[in-house]
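# Examining the three-dimensional arrangement
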Amino acid sequence: MVRTQEESRTVSNISENAVVRLDHVSKNFGPVRAVSDSCLEVPRGEIVTLLGPSGCGKTTTLRMVIGLERASEGEVHYLGKVVDSPRRHVFVPAHKRNMGMVFQSYAIWPHMTVFENVAYPLRIRRVSGADIRRRVGSMLELVGLSGYEERPATMLSGGQMQRVAVARSLVFEPDILLLDEPFSNLDAKLREQMRAEIKLLQRRLGATILFVTHDQVEALSLSDRLVVMHQGRIEQEGSPVELYRNPKTEAVRDFLGRTVMLAGFILEREDSGMVTVRLHGENGPVVRGKLQSDGGVASGSPCAVAVRPEQTYVVPEADGPVEELNNVSAILSALLFIGDKYEARVELPWGESVLLYLPLDTQWHEGQRIVIKLDPNGLQVWPT
């Protein structure tokens, strides 16, 4: 792949500051290729998130980073040193990599107290008793569990167990913290609280975190750098805003956030990269949007028009036909109040149904005729 000078400088800066680097890493389980040719860098002091559906290879990637799985191909670098390379016959086991990890199940030892759980990594490293008491006390205060030192692990709530797991993973001062779906066992309200606490804790410590999740809200809200995986491959990486607004592949587009998809065909392509599209059929409405392809696309080519629900503007339909560019007439077939807005099921003229969000400051009712106004800057056109 050819990079611009600016992109090359950025890649170089990340490489020099990378805590973990994966160099064309693959993992096979018999005939199944779980991870394929992955290249990834985790810069110091950032939260990097692996996001994707179940079975996309994100947890397998995390396990290769910490050493719970061995790579089938490629190399894993940690702090500038090779820790896994089949070609070089090098493998550093997990307990020698100085990485902290919080598992999905937390893995809290039920026969130990909170203090004993957090102190365990220090005891096996033969840290002195006085230093253990000081460091465990400081870490419990940091995660909001001061005063819980003698509480048995069996008497903790889910959120408290998660805090203990984080404290235990950080108390020995690892160079990176790995989080594998750590909030999946918590209820929705507690997940929101723990997301904020992890973000604040990471900023306070300047910690480096590699985070695995299938939850889009967690990924978008926590990450400095987001990596979307699909079928064992890295589809796209960048800032959360960049991936949400400018997906480069259909897999990223369809997994990250909600998307309204409309079929059509291309009428005209402009030199600026904008295209005009006729939706549905010969008599369908005409819209203008940005073409998501570098290749040549001829007039008449089929395409899919994608737009985020929040990037649509809906108004009641006035008397008369809707002919303006980027306007689509529709009927409200179902209206659901969800607190800060309405979730609406909208029926388009050709019978297709889509989901949109409507503001509360307008009177809406089921069966009402409406006009959907599509912003050309938020409308993406994908060749099919």
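The structure contained in this document is the topic of the report that follows.

About the criteria used
Residues numbered from 1 in each chain as written. Predicted model: local features only at pLDDT ≥ 70, side-chain atom pairs only at ≥ 80, totals over all residues. Heavy atoms only, no water. Phe/Tyr/Trp six-rings, centres within 6.5 Å; stacked < 30°, edge-to-face > 60°. Helix = DSSP H or I, 4+ residues; strand = E, 2+ residues; numbered from the N terminus. Buried < 20%, exposed > 50% of the residue type's maximum accessible area, 1.4 Å probe, protein only. Polar contact = N/O pair within 3.5 Å; in protein donor to acceptor, adjacent residues only side chain to side chain. Contact = heavy atoms within 4.5 Å.

With that out of the way, let us pick up the packing of aromatic side chains. Within this structure, the stated rule accounts for three aromatic pairs. Taking the centre distance of 4.6 Å and the plane angle of 55° together, the rings of tryptophan 109 and tyrosine 120 count as tilted. Residue tryptophan 109 is located in the loop between strand E7 (99-102) and helix H3 (114-124), and its partner tyrosine 120 is located in helix H3; the two are separated by 11 residues in the primary sequence. Between phenylalanine 183 and phenylalanine 211 the ring centres are 5.9 Å apart and the planes differ by 45°, which places this aromatic pair in the tilted class. A residue pair is termed long-range when its members are at least 10 positions apart, and phenylalanine 183 in the loop between strand E8 (176-180) and helix H6 (188-205) and phenylalanine 211 in strand E9 (residues 209-213) qualify at 28 residues. Residue classification places phenylalanine 183 among the buried positions, given a relative accessible area of 0%.

Turning our attention to the side chain of glutamine 236. One can find glutamine 236 in strand E11 (residues 233-238). The class of glutamine 236 is buried, set by a relative accessible area of 7%. For glutamine 236, the side chain forms a polar contact with the main-chain oxygen of asparagine 246, separated by 3.2 Å. A distance of 2.7 Å separates the side chain of glutamine 236 from the backbone nitrogen of lysine 248, its partner in a polar contact. The residues touching glutamine 236, leaving out its near neighbours within four places in the chain, are Leu226, Val227, Val228, Leu243, Asn246, Pro247, Lys248, Thr249 and Val252.

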